[in-house]
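Examination of the molecular architecture
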Amino acid sequence: MCGTAAETRKVQIVDDVEKFPGHIACDIASRSEIVVPIIKNQRLIGVLDIDSPVKARFDDEDAVGLSEFVSILNRYLNWPENFI
């Protein structure tokens, strides 16, 4: 999921990680996941990856809120020059 979010630069929401091809579990309890790309000055800096032990835990409202969080984070963090 992190790779897909990084490649597409779009939020990824997976209701059931067991049905996501190529999913690599960071936590064996993970059942659903949301990944938000972190982009600054048109460059991918990283991703915000959140797992849940509950299937279908995340929705579009979460995507909007977490995208806004990443936007705020970008305003206040000084990323190293080699990142941006």
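Just above sits the structure.
Notes on the structure in this doc start here. (Residues numbered from 1 in each chain as written. Predicted model: local features only at pLDDT ≥ 70, side-chain atom pairs only at ≥ 80, totals over all residues. Heavy atoms only, no water.)

1. Here's the deal with the sheet that holds strand β3 (residues 43–52)
Where we set the bar: Strand pairing is assigned whenever DSSP identifies at least 2 bridges connecting the two strands. A helix here means a DSSP run of H or I that spans at least four residues, while a strand means a run of E at least two residues long, and both kinds are numbered starting from the N terminus. Orientation is described by axes fitted as lines to C-alpha atoms, over the contacting stretch for helices, and by angles from 0 to 180 degrees between their N-to-C directions. Residues count as neighbours in contact if any of their non-hydrogen atoms are within 4.5 Å of one another.
Read across the open sheet, the three strands follow the order β1-β2-β3; overall the sheet is antiparallel. Strands at the two margins of the open sheet, each flanked by one partner only, are β1 (12–14) and β3. Recorded for the sheet is a direction-independent mean angle of 10 degrees between the axes of neighbouring strands. Each of β1, β2 (32–40) and β3 is contacted by helix α2 (residues 60–76), which is oriented at about 35 degrees to β2, the strand it contacts most.

2. Thoughts on unusual backbone geometry
Note the threshold: Accessibility here uses a 1.4 Å probe with only protein chains present; expressed as a share of the type maximum, an area under 20% marks a residue as buried, one over 50% as exposed, and anything in between as partly exposed.
Of note, the phi angle at R9 is positive, near 60 degrees, even though the residue is not glycine. Within the secondary structure, R9 sits in the loop between α1 (2–8) and β1. Owing to a relative accessible area of 38%, R9 belongs among the partly exposed residues under this scheme. Residues other than glycine seldom take positive phi values, yet Q42 does so here, at roughly 70 degrees. Its place among the elements puts Q42 in the loop between β2 and β3.

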